[in-house]
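# Architecture at a glance
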Amino acid sequence: MSFDPANFDPAQALALAHKTFEIEAAAVLGLKSRIGPEFAQAVQLMLNCKGRVVVMGMGKSGHIGRKIAATLASTGTPAMFVHPAEASHGDLGMIKAVDVVLAISNSGESEELTAILPVLRRQGVPLVAITGGQTSTLAEYGSVTLDSSVAQEACPLNLAPTASTTAQLAMGDALAVALLDARGFKEEDFARSHPGGALGRKLLTHVSDVMRTGDAIPAVGLQTSFTDLMREMSNKGLGASAVVDDARRVLGIFTDGDLRRLVEKGVDLRASKAADVMRPNPRTLHANALAVEAVALMEQYRITSVLVVDHDGVLCGALNSNDLMRAKVI
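Sequence order sets the numbering: in each chain, residues are counted from 1 along the sequence as written. Totals for whole chains, interfaces and linings use every residue, but because this is a predicted model, local features are given only for residues with pLDDT of at least 70 and side-chain atom pairs only at 80 or more, for both listing and counting. With hydrogens and water excluded, all non-hydrogen atoms of the structure serve as input to the side-chain values.

## Focus on the sheet that holds strand 9 (residues 279-280)
- Note on pairing: two strands pair once DSSP finds at least 2 bridges between them. Helix and strand assignments come from DSSP, with helices taken as H or I runs of at least 4 residues and strands as E runs of at least 2, each series counted from the N terminus. Read across the sheet, four strands follow the order 6-7-8-9 without closing on themselves; strand pairing throughout is mixed. Edge positions in the sheet fall to strand 6 (219-221) and strand 9, since each has one partner strand and no second.
- In this structure, strand 6 lies alongside strand 7 (residues 240-244), joined through three bridges in parallel fashion. The partner of Gly221 across the bridge, within strand 7, is Val244.
- Two residues form a contact once any of their heavy atoms are found within 4.5 Å. Here, axes are lines fitted to C-alpha atoms. For helices the fit covers the stretch in contact, and angles between N-to-C directions go from 0 to 180 degrees. Of the strands in this sheet, strand 6, strand 7 and strand 8 (250-255) touch helix 12 (residues 226-236), which is tilted by about 75 degrees from strand 8.
- Against the sheet, helix 13 (residues 256-265) engages strand 8 and strand 9, with an angle of about 65 degrees to strand 8.

## Quick look at the packing of helix 1 (residues 10-34) against helix 8 (residues 163-182)
- With their axes 9 Å apart at the nearest point, helix 1 and helix 8 run at an angle of 40 degrees to one another. The angle between helix 1 and helix 8 falls in the class oblique. The crossing of helix 1 and helix 8 is right-handed. Seen from helix 1, the contacting residues are Ile23, Glu24, Ala27, Val28 and Leu31; seen from helix 8, they are Ala163, Thr166, Ala167, Ala170 and Met171.
- Tallied by class, residues from the contact of helix 1 with helix 8 come to eight nonpolar, one polar and one charged. Just so you know how the angles are binned, under 35 degrees is roughly parallel, over 145 roughly antiparallel, 65 to 115 roughly perpendicular, and the rest oblique. Should the near helix be turned anticlockwise from the far one by less than a right angle, the crossing is termed left-handed; should it be turned clockwise, right-handed. Under the convention adopted here, Pro, Cys and the residues Ala, Val, Leu, Ile, Met, Phe, Trp and Tyr are nonpolar, Asp, Glu, Lys and Arg are charged, and Gly plus all remaining residues are polar.

## Observations regarding the packing of aromatic side chains
- Pairing of aromatic side chains here covers Phe, Tyr and the six-membered ring of Trp, requires ring centres within 6.5 Å, and sorts the geometry by plane angle: under 30 degrees stacked, over 60 edge-to-face, intermediate tilted. For the coordinates displayed, the defined rule picks out one aromatic pair.
- Distance and angle both matter: a charge sits over a ring if NZ of Lys or CZ of Arg is within 6 Å of the ring centre and within 35 degrees of the ring normal. Here the basic side chain of Arg283 rests over the ring of Tyr301, its NZ or CZ set 3.7 Å away from the ring centre.

## Description of the sheet that holds strand 10 (residues 284-286)
- On the basis of which strands lie adjacent, the open sheet formed by three strands has the order 10-11-12 and mixed pairing. The sheet terminates laterally at strand 10 and strand 12 (315-320), the two strands that pair on one side only. Pairwise comparison of adjacent strand axes, ignoring direction, gives a mean angle of 35 degrees for this sheet.
- Relative to strand 12, strand 11 (residues 305-309) runs antiparallel, the two sharing five bridges. Within strand 12, the position partnered with Val309 by the bridge is Leu315.
- The strands touched by helix 15 (residues 291-301) within the sheet are strand 10, strand 11 and strand 12, with strand 10 carrying the most contacts at an inclination of about 170 degrees.

## Some words on helix 2 (residues 37-47)
- Listed in full, the buried residues belonging to helix 2 are Phe39, Ala42, Val43 and Met46. Taken end-on, helix 2 shows its buried residues confined to a sector of 95 degrees, consistent with a single buried face. Partly exposed residues are those whose accessible area sits between 20% and 50% of the maximum for their type, while under 20% is buried and over 50% is exposed, using a 1.4 Å probe and protein chains only. The arc in question is formed by the directions pointing from the helix axis toward the C-beta atoms.

## Quick notes on the nonpolar core
- By nonpolar core is meant a set of buried Ala, Val, Leu, Ile, Met, Phe, Trp, Tyr and Cys residues that side-chain atoms within 4.5 Å join together. In terms of nonpolar packing, the biggest core is built from 26 residues, with Val53, Val55, Leu72, Leu102, Ile130, Leu146 and Leu175 touching the most fellow members.
- Residue assignment for this core shows that the elements contributing at least two residues are helix 2, strand 1 (53-57), helix 3 (59-74), strand 2 (79-81), strand 3 (100-105), strand 4 (127-131), strand 5 (144-147) and helix 8.
- Among the elements that make up this core, the one with the highest residue count is helix 8 (five residues).
- Those residues within four positions of Leu72 in sequence are excluded, and the remaining contacts are Val53, Val55, Thr77, Ala79, Ala176 and Leu179.
- Counting residues in hydrophobic clusters, the runner-up holds 17 residues, among them Val54, Ile95, Ala103 and Leu120.

## Here we look at the side chain of Thr114
- Here Thr114 shows up in helix 5 (residues 111-114).
- The residues touching Thr114, leaving out its near neighbours within four places in the chain, are Gly108, Glu109 and Thr137.

## Considerations on the pairing of strand 3
- Most of strand 3 is tucked away: six of the six residues are buried.
- The alternating pattern of strand 3 places Val100, Leu102 and Ile104 and Val101, Ala103 and Ser105 on opposite faces, both of which are buried.
- Two elements, strand 1 and strand 3, share five bridges in a ladder whose sense is parallel. Looking at strand 3, one finds that Gly57 is bridged to Ile104.
- Summarising the sheet, strand 3 and strand 4 pair through five bridges and their orientation is parallel.

This is the structure we're talking about:
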């Protein structure tokens, strides 16, 4: 094959891109009219599975299968991918009768896959087939068969798997969505399987994970002089200080913003005590609250610092917007 870059036609490339989108969109929409009770049966099989959904596929279908297995696993359905060729050389031992196999093949005649179908049947393993070959070997062995056939590939030669793999992927996503809904899968469940992602940080990070504790908490008594109050705020770097009683129950708060407002009013602060300048009954959170609740509280009341208390109102932590930013909650 020879290619001269000078012959590249940008207009042709754009036209083919448009055509590809049209063909693949039609392939996905075509699935809608062809699924029926068998789709619900496939979902029921996987929902009742006591083991794992084992996804299998060769070539491009195998790549799609890996993605489907990952999507299932991350949305509440235990799943794994097993390569059909490796299955014939020992990996078939990974599959048990309590599992459900989800096999993907456009033709339904992939040799590596059809070779193990009789073994799966003898083991009593339920088989959900996603195939474009409705009279194929794979369809024959399927406990449930889902039609993923397409009118044409997006490839101009009608050879490279393009529209067919898009249809397979869409069918797998449809199964995953139906399953997560049937399981009552929630945002919190998704976060537990994605602890490193943004959603995981938002839904799994608690105030106790990011708050300042111990000596890092700025706090003074009611009779603390204004000078010592400012010293406590400067040393702890929170931009605020709690005002507490002898049992460390929170009585009030004094912030950088409060200081600016008092200075603007011309208040003589030199003889003031903490009790004179604090704002009573400040907004507080419990340590077991989600960090996103602290974000919401700050946004709602336009504050940058929050005190953390236990159920008796005793000060146990503090945090500001910078702490939440470092934790990547905001």
